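# Observations on the three-dimensional arrangement
Take a look at the letters that make up each chain.
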Number of protein chains: 2
Amino acid sequence: MARNAHPEVTRTRILDAAQRLFMAQGYEHTSIQDIVDELGDLSKGAIYHHFKSKEAILEELTNRDNNMQDDFNESVMNRTDLTALEKFRVLWRHSMTKQDHVQIMRAAMPMLSDPVSFAANMQVWSKHLPERFLPLIEAGVKDGSIPTEYPREAAELLSLLPNYWLMPYFYPVTLPEMEHRIRCLATMLDAIGVPIFDDELITVAAKGMMTFAGEPEKGSE
Amino acid sequence: MARNAHPEVTRTRILDAAQRLFMAQGYEHTSIQDIVDELGDLSKGAIYHHFKSKEAILEELTNRDNNMQDDFNESVMNRTDLTALEKFRVLWRHSMTKQDHVQIMRAAMPMLSDPVSFAANMQVWSKHLPERFLPLIEAGVKDGSIPTEYPREAAELLSLLPNYWLMPYFYPVTLPEMEHRIRCLATMLDAIGVPIFDDELITVAAKGMMTFAGEPEKGSE
């Protein structure tokens, strides 16, 4: 393939190749050389020209994924045919089944064995993500679909529990155990007026969360 | 006061003095020199002979506190006049109102701004503490006082949520907000058959947890 004069195109090709490899063989087992081989027409130097390290590629993939998630979220938020509760279900199902997203999150998982990354993630889950969930929960209180007295608490728990407590990376479980955990979470959320997890979503979520299962890999040095 | 020939006695005096100071003026604002001044008859060198740093003193205070908590726990576990649920309530109330314990935990809080300490604590709360709670929950299932289908999940959530989600160090709140959060937790736990937090314990717990409130201090270098 001819070398491309447009740096954005090359950047995207590197990202796409890296994503394919991270998904197929895992982030830890993919080297820059593998990306060179996968692309065929770019040197190691050309890749380093665009990204200073493999970590930087993963970071950019995560950003790209976040942007796609944001676009999807916005399109769901703008729908007028759904209650706030139904929007939550659509978003939840999407984030646990959309393969690109799940695979990139999975590739990024081993980073969490580094205490600094771990602490930064916990910050996101305890502070930033609840701020994003809260308006939707408040909309649900208004339209009657999420009849809770605990909107802030629900926003925090919907962020903390699925991202940390349900994550097999932190709490290793089997599929039936995962389903049992999500049923436990569903029962608790129902009790505070946040009935997001119905039987169908429980099944989908259990399978989705198990995508993250497996021995925690050691972070690279 | 005369110098004491028994190293254990000197050690204990240093620990007691440090504990008084940490409680009165905060761990971060207490220096080894303050401990020297508080004791009156020991040199800085004498203190460093027993503890290599202020951190080592706090660590030993935490160990001493853990041992006292363990002794108390054992005495409660051995009682035959209480159901498992009642035992939980006694332990919970104790751990949130016993001033020595609360103050030492509070002194140790700023350590959590260090990612390595934070990650280590999260490990304790996700792995070790649930293992200690589980037998008591299982005893409650047996004696009928904790009629839950989710003993393992409850053990994990009783460890994670009070130690992390209810901790104003991580989620800053006012007293009424704290009481609202604990009522939220109580409602969720009731729904999965773990009715530990009754109205009385909610009030006690809210006041107890607020002892940890305040601006997170920066960890010392």
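Residues numbered from 1 in each chain as written. Chains lettered and ligands numbered in written order. Predicted model: local features only at pLDDT ≥ 70, side-chain atom pairs only at ≥ 80, totals over all residues. Heavy atoms only, no water.

The name an unreviewed UniProt entry gives chain A is Transcriptional regulator, TetR family, with Bifidobacterium longum subsp. longum 1-6B as the organism.

Quick look at the UniProt feature "domain: HTH tetR-type" (unreviewed entry) in chain A now. Here, the residues flagged by UniProt with the feature "domain: HTH tetR-type" (unreviewed entry) are residues 8–69 of chain A. The distance from the first to the last C-alpha atom of residues 8–69 of chain A is 21 Å, and the span holds 79% helix and 0% strand. (UniProt positions renumbered as here; feature names shortened; annotations may be inferred. Helix = DSSP H or I, 4+ residues; strand = E, 2+ residues; numbered from the N terminus.)

Residue-level contacts link 28 residues of chain B with 28 residues of chain A. Interface of chain B and chain A: buried area, both sides summed, is about 2,600 Å²; carbon and sulfur atoms make up 71% of it. Its largest share of buried area at the contact with chain A, chain B owes to Tyr 150, Tyr 171 and Met 188 of chain B, together 19% of the area lost on that side. Our enumeration of links across chain B and chain A arrives at two salt bridges. (Contact = heavy atoms within 4.5 Å. Buried area = accessible area lost by both parts, 1.4 Å probe. Salt bridge = Lys/Arg side-chain N within 4 Å of Asp/Glu carboxyl O.)

This part takes up the nonpolar core. Formed by 106 residues in total, the largest nonpolar core has its most connected members in Phe 197 of chain A together with Phe 197 of chain B. Each residue touching Phe 197 of chain B, except ones within four places of it in the same chain, is listed here: Trp 92, Met 96, Leu 158, Ile 182, Leu 185, Ala 186, Leu 189, Ile 202 and Ala 205 of chain B. (Core = buried A, V, L, I, M, F, W, Y, C linked by side-chain atoms within 4.5 Å. Buried < 20%, exposed > 50% of the residue type's maximum accessible area, 1.4 Å probe, protein only.)

Glancing now at the relation of the copies chain B and chain A. Least-squares fitting of chain B to chain A yields an RMSD of 0.0 Å, with the transformation described by 0.0 Å of translation along the axis and a rotation of 180°. Both copies of the chain, as the preceding transformation shows, are related through a two-fold rotation axis. When each C-alpha of chain B is compared by its distance to the rotation axis, Met 188 of chain B comes out closest, at 2.2 Å. Residue by residue, 100% of the interface of chain B is reproduced at the interface of chain A, so both copies engage with the same surface. (Least-squares fit on C-alpha atoms with pLDDT ≥ 70 in both.)

Residues and elements named next belong to chain B. For the structure shown, the criterion picks out 28 salt bridges over all chains. A salt bridge links Arg 11 to Glu 60; the nearest nitrogen and oxygen atoms lie 3.7 Å apart. Separated by 49 residues along the polypeptide, Arg 11 in helix H1 (residues 7–25) and Glu 60 in helix H4 (residues 54–77) bring together distant segments of the chain. On the basis of relative accessibility, which here comes to 25%, the residue Glu 60 falls in the partly exposed class. Arg 152 is the salt-bridge partner of Glu 156, the closest N and O atoms lying 3.8 Å from each other.

All names here are of chain A. With their axes 9 Å apart at the nearest point, helix H9 (residues 175–191) and helix H10 (residues 199–210) run at an angle of 135° to one another. With respect to H10, the axis of H9 lies oblique. Remark: the crossing between H9 and H10 carries right-handed chirality. Taken together, the residues of H10 that come into contact with H9 (itself represented by Leu 175, Met 178, Glu 179, Ile 182, Arg 183 and Ala 186) are Asp 199, Ile 202, Thr 203, Ala 205, Ala 206, Lys 207, Met 209 and Met 210. (Axes fitted to C-alpha atoms, helices over the stretch in contact; angles between N-to-C directions. Parallel < 35°, antiparallel > 145°, perpendicular 65-115°, else oblique. Left-handed = near helix turned anticlockwise from the far one by under 90°.)

Before going further, it helps to examine the state of the cysteines. Here, disulfide denotes a covalent bond that connects the sulfur atoms of two cysteines. Under the counting rule described, the total for this entry stands at zero disulfides over all chains. This cysteine, Cys 184 of chain A, is not joined by any disulfide, and Cys 184 of chain B carries the nearest cysteine sulfur, 13 Å off. The class for Cys 184 of chain A is buried, based on a relative accessible area of 0%. (Disulfide = S-S within 2.5 Å.)

Another point: the side chain of Glu 153 of chain B. Relative to the helices and strands, Glu 153 of chain B is located in helix H8 (residues 151–165). One buried charged residue, Glu 153 of chain B, remains without a salt bridge, the closest side chain of opposite sign being Arg 181 of chain A at 4.6 Å. (Lys, Arg positive; Asp, Glu negative; His and termini not counted.)

Residues and elements named next belong to chain B. One can describe the packing of H8 onto helix H9 (residues 175–191) by two numbers: an axis separation of 12 Å at closest approach and a directional angle of 170°. Regarding the angle of H8 to H9, the classification is roughly antiparallel. The residues of H9 that touch H8, namely those facing Leu 158, Leu 161, Pro 162 and Trp 165, are Arg 181, Cys 184, Leu 185, Met 188 and Leu 189. Split by residue class, the contact of H8 with H9 holds eight nonpolar, no polar and one charged. (Nonpolar A, V, L, I, M, F, W, Y, C, P; charged D, E, K, R; others polar.)

Residue and element names in this part refer to chain A. For chain A, the assigned domains read domain 1 (1–52) and domain 2 (59–212). The centre of domain 1, based on its C-alpha atoms, is set 31 Å off from the matching centre of domain 2. The interface of domain 1 with domain 2 comprises 11 residues on the first partner and nine residues on the second. Contact with domain 2 buries area across many residues of domain 1, yet Leu 15, Gln 19 and Met 23 alone supply 54% of it, more than any other trio. Linking domain 1 with domain 2 are two salt bridges, by the criterion used here. With a closest N to O distance of 2.8 Å, Arg 64 and Asp 16 form a salt bridge. Counting across the interface, domain 1 meets domain 2 through two residue pairs in polar contact (both at pLDDT 80 or more). In the side of domain 1 that touches domain 2, the residues fall into six nonpolar, two polar and three charged. (Domains from an automatic or database assignment. Polar contact = N/O pair within 3.5 Å; in protein donor to acceptor, adjacent residues only side chain to side chain.)

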